[in-house]
Amino acid sequence: MCPKLTPPEKLPGVGDLSQTALLKALRGEPVPHTPVWFMRQAGRSLPEYLAVREGVAMLDACADPELIVEITLQPVRRYGVDAAIFFSDIVLPLKAVGVDLDIVPGTGPVVAKPVATLADVEAIPDLTPEHVSFITEAVRGLVGELAGVNGGTPLIGFAGAPFTVASYLVEGGPSKEHARTKALMFGAPEVWEALMRKIAGISATFLQVQVEAGASAVQLFDSWAGALTPADYERFVMPHSADVLGRIGDLGVPRIHFGVGTSNLLDLMGRAGADVVGVDWRTPLDRAIEVVGPTRGVQGNLDPTLVFAPTDVMTARAAEIIDAGRAARGHVFNLGHGVIPSTDPDQLARLTEFVQSYPLA
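Residues numbered from 1 in each chain as written. Predicted model: local features only at pLDDT ≥ 70, side-chain atom pairs only at ≥ 80, totals over all residues. Heavy atoms only, no water.

(A) Region of interest: empty space enclosed by the protein. This structure, assessed with the given rule, holds two cavities of 30 Å³ or more. Of the pockets and cavities examined, the largest cavity occupies roughly 50 Å³. Forming the walls of the largest cavity are Ile90, Pro93, Leu94, Ala159, Gly160, Val165, Ile199, Ile202, Ser203 and Phe206. Residue contributions to the lining of the largest cavity peak at four residues, all from helix H10 (residues 189-213). In the lining of the largest cavity, the residues fall into eight nonpolar, two polar and no charged. (1 Å grid on protein atoms, 1.4 Å probe; cavity = no way out; pocket = protein on both sides within 12 Å on 5 of 7 lines; lining within 4 Å. Points joined across faces, edges and corners; volume = space filled by probe spheres on them. Helix = DSSP H or I, 4+ residues; strand = E, 2+ residues; numbered from the N terminus. Nonpolar A, V, L, I, M, F, W, Y, C, P; charged D, E, K, R; others polar.)

Encoded structure:
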């Protein structure tokens, strides 16, 4: 059980962020405008991101406090979005505890020795704050910088959910079928449970470090959970995501839970302990609101490819999403997945301005 902490907005040197549009929406309170931020906004399409990342490997960038601060701030400066999302990668905590892996350009995370046995799981150390002291340094720096941006901008902490992280460890890299992952889950349940407990502990500690340093909210990414049936998710995955979200709930910050292709899992993902459920673009937002119910907010869910459409087409669809979001306990506007690398930054700026100026009455 995590200890109770001082809310980030009350930390010394940090202004009152509790009344920002993002945190009010995450708590289900009336907002001055629909808050907006974009998954993978920290970098991806920005020329200034490409400039600072030139010649720097992804995991090296994720371990450099100065680069983390700069990259996280870039989209906030450019777009004036309502939140910063911490620049990191879901496999970074594994790298920090000594797992032999790398992020291969054009491929993604690649693990040198995939996990297959109980001994493999036991060989993975538990994460401690000392493993990621650079994260504490980066978050503290960010919180200080963000306090002076647009009257105070909240920082959202970041971590991968147990199933998605496990899939990389078991498959050895990205997979469309997740065949090895499911084979372990169904065929060696004792290994699977041990692995999920291990990752849940690592993810919870990674988020706790960010919250202790000043993050105002967290998002747990379960990118590949959509590969599961509801019954399998509820039995093999949900308890471990609930463990992570439960530990972070003790810290008093709002929790967002997001997955891709999870239209059949939205209720379960909410019940796992989310205050707000992220919705990808495949599910109409009004349907998602009905599924998650009146006690949870929603986040999303413009198709990322609509940013490539004419501006009036993009904003018309954004208006439909904002209108639908009024029925939710709270609504945070976002894309239905991450920013596509070839996105025109100016179009994202237009989208941000449109969402923040769209009347709610």
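(B) Summary view of the pattern of salt bridges. Counted according to the given criterion, the structure contains 13 salt bridges. Of the charged contacts, one joins Lys198 and Asp126 as a salt bridge, the two residues approaching to 2.9 Å between their closest N and O atoms. Here the residue Lys198 occupies a position in helix H10, and Asp126 occupies one in the loop between helix H6 (118-122) and helix H7 (133-146), the gap between them amounting to 72 residues. What makes Lys198 buried here is its relative accessible area of 15%. The salt bridge partner of Glu320 is Arg317, with a shortest N-O separation of 3.9 Å. Of the two residues, Glu320 and Arg317 both sit in helix H14 (residues 311-325), three residues apart, roughly one turn of that helix. (Salt bridge = Lys/Arg side-chain N within 4 Å of Asp/Glu carboxyl O. Buried < 20%, exposed > 50% of the residue type's maximum accessible area, 1.4 Å probe, protein only.)

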